[in-house]
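Each chain, written out:
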Amino acid sequence: MRRALIAGNWKMNLDRGGAEALARALVEGTSEVNDRDILICPSFPLIPAVYAVVKGSNVWLGAQNMYFEKKGAFTGEVSADMLKSVGAEWVILGHSERRHIFKEDDELINKKVKSAIDQGLKPILCVGELLEERESGKTEDVVKRQVVEGLKDISVSDVLKVTIAYEPVWAIGTGKTATPEDADSIHSLIRSILKDMYSEEVSQKTRILYGGSVKPENIDSLMAKENIDGALVGGASLKAESFLRIIKFQ
Ligand code: 13P
């Protein structure tokens, strides 16, 4: 059985006070939640303050990006070690906003996934098609390319440390959600890709999250699907009430 993971991607939102208050409400609201994993990913500068709040609680802490090099002349970047040193244990990589606004390609994302694993962070590799790719029937090709390239040269034992998030770009921040059936079928495609690349065991053990306009109103029907193991939540993770309801999906 795969354990559910509900992750909040705060993106470039919240100031220090808002981040601490939200983290505090989540820690309090999940003190009895032990049967699923809960993760929040604040902006880089807020990670230490949020760590002080979530340390020792049921809430994991992660970052939204990192660079693959360990150190050096890379102005504006942060390394996995830096993130670990301030309490992050997870990192979101290849988010569609990184791919499309900041022009990250599969090769760069693959280097980041490998570096995160090597340095002991748990990566969440995001994949997903654009609206025009969906409309021209390219969804499966795009998702396959992003999974295969993103996991290139990663061993069986290392790939088991990776979580995959399927986030169709047209569903992010738009209020349009993939139907649970559509999402489940892409998750199932991702499992078959993992089986071809690795093994049945990897395909069955890997957690695959859905992201894109996840809300209190649709989380239960998404989580009822066999291949959906959790959610990567943007907007609805910024308010304690809505994120707690999503965490407590039935
Ligand atoms: P929304 O939940 O705001 O659509 O964002 C999804 C997302 O990009 C999470 O990484």
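One can find the structure itself at the top, above this paragraph.
Here the residue index of a chain counts from 1 through its sequence in written order. Only residues with pLDDT of at least 70 are given local features in this predicted model, and only at 80 or more are side-chain atom pairs given and counted; all residues enter the totals for whole chains, interfaces and linings. Note that water and hydrogens are dropped before the side-chain values are worked out from all heavy atoms of the structure.

Undergrad: Looking at this structure, how should I read the overall build of the protein?
TA: Secondary structure assignment for the protein yields twelve helices and eight strands. Atoms counted for the radius of gyration: C-alpha only. Globule rule: 2.2 Å times residue count to the power 0.38. Over its C-alpha atoms the protein spans a radius of gyration of 17 Å, differing by no more than 12% from the 18 Å that the globule rule assigns to 250 residues. Overall, the protein is about 45 × 45 × 35 Å in size when its C-alpha atoms are taken along their principal axes. Exposure classes here rest on a 1.4 Å probe applied to the protein chains alone. A residue is buried below 20% of its type maximum, exposed above 50%, and partly exposed in between. By the burial criterion, 56% of the 250 residues in the protein qualify as buried. Runs of E in the DSSP output that reach at least two residues are strands. Runs of H or I that reach at least four are helices, and both are numbered from the N terminus.

Undergrad: Just checking my understanding: could you explain the sheet that holds strand 8 (residues 230-233) for this structure?
TA: Each strand in a sheet pairs with another by means of backbone hydrogen bonds, the pair being arranged parallel or else antiparallel. For two strands to pair, DSSP has to find at least two bridges joining them. Strands sit in the order 1-2-3-4-5-6-7-8 around a closed barrel of eight strands; the barrel is parallel. Across the sheet, the axes of successive neighbouring strands diverge by a mean angle of 25 degrees, strand direction being ignored. Inspection of the sheet shows strand 3 (residues 59-63) paired to strand 4 (residues 90-93) by two bridges, in the parallel sense. Within the sheet, the bridge partner assigned to Ala-63 lies in strand 4 and is Val-91. Sheet contacts for helix 2 (residues 47-54): strand 2 (37-41) and strand 3; angle to strand 3, the most-contacted strand, approximately 170 degrees. Axis definition: a line fit to C-alpha positions, over the contact stretch in the case of helices; interaxial angles, taken between N-to-C directions, run 0 to 180 degrees. Two residues form a contact once any of their heavy atoms are found within 4.5 Å.

Undergrad: Got a minute to help me understand the site of the ligand in this structure?
TA: For this purpose, a residue is taken to be near a molecule or strand whenever a single non-hydrogen atom of the residue falls within 4 Å of it. Taken together, 13 residues are adjacent to the ligand, and Lys-11, His-95, Gly-173, Ser-213 and Gly-235 come closest. Taking His-95, its side chain carries an N or O atom lying 2.8 Å from an oxygen atom of the ligand. As used in this structure description, the phrase polar contact means that two N or O atoms lie within 3.5 Å; if the pair is within protein, one of them must be able to donate a hydrogen and the other to accept it, and residues adjacent in sequence are counted only when both atoms belong to side chains. Here an oxygen atom of the ligand sits 2.7 Å away from a polar atom, N or O, in the main chain of Ser-213. Note on areas: Shrake-Rupley with a 1.4 Å probe; residue coverage comes only from the protein chains shown. When the free accessible area of the ligand is taken as 300 Å², the share hidden by the protein chains comes to 95%.

Undergrad: Looking at this model, I keep getting lost on the pattern of salt bridges. Mind explaining?
TA: One side chain can pair with another of opposite charge once the charged atoms of both are near each other. Salt-bridge detection follows one rule: a side-chain nitrogen of Lys or Arg within 4 Å of a carboxyl oxygen of Asp or Glu. Applying the stated criterion across every chain, the model contains 21 salt bridges. The partner of Lys-112 in a salt bridge is Glu-104, and the shortest N-O contact between them spans 2.8 Å. Two residues, Glu-129 and Arg-134, come together in a salt bridge whose shortest N-O distance is 2.8 Å. The class for Glu-129 is buried, based on a relative accessible area of 0%. The class for Arg-134 is partly exposed, based on a relative accessible area of 24%. It is possible to trace a salt-bridge network through shared partners that takes in Arg-2, Arg-191 and Asp-229.

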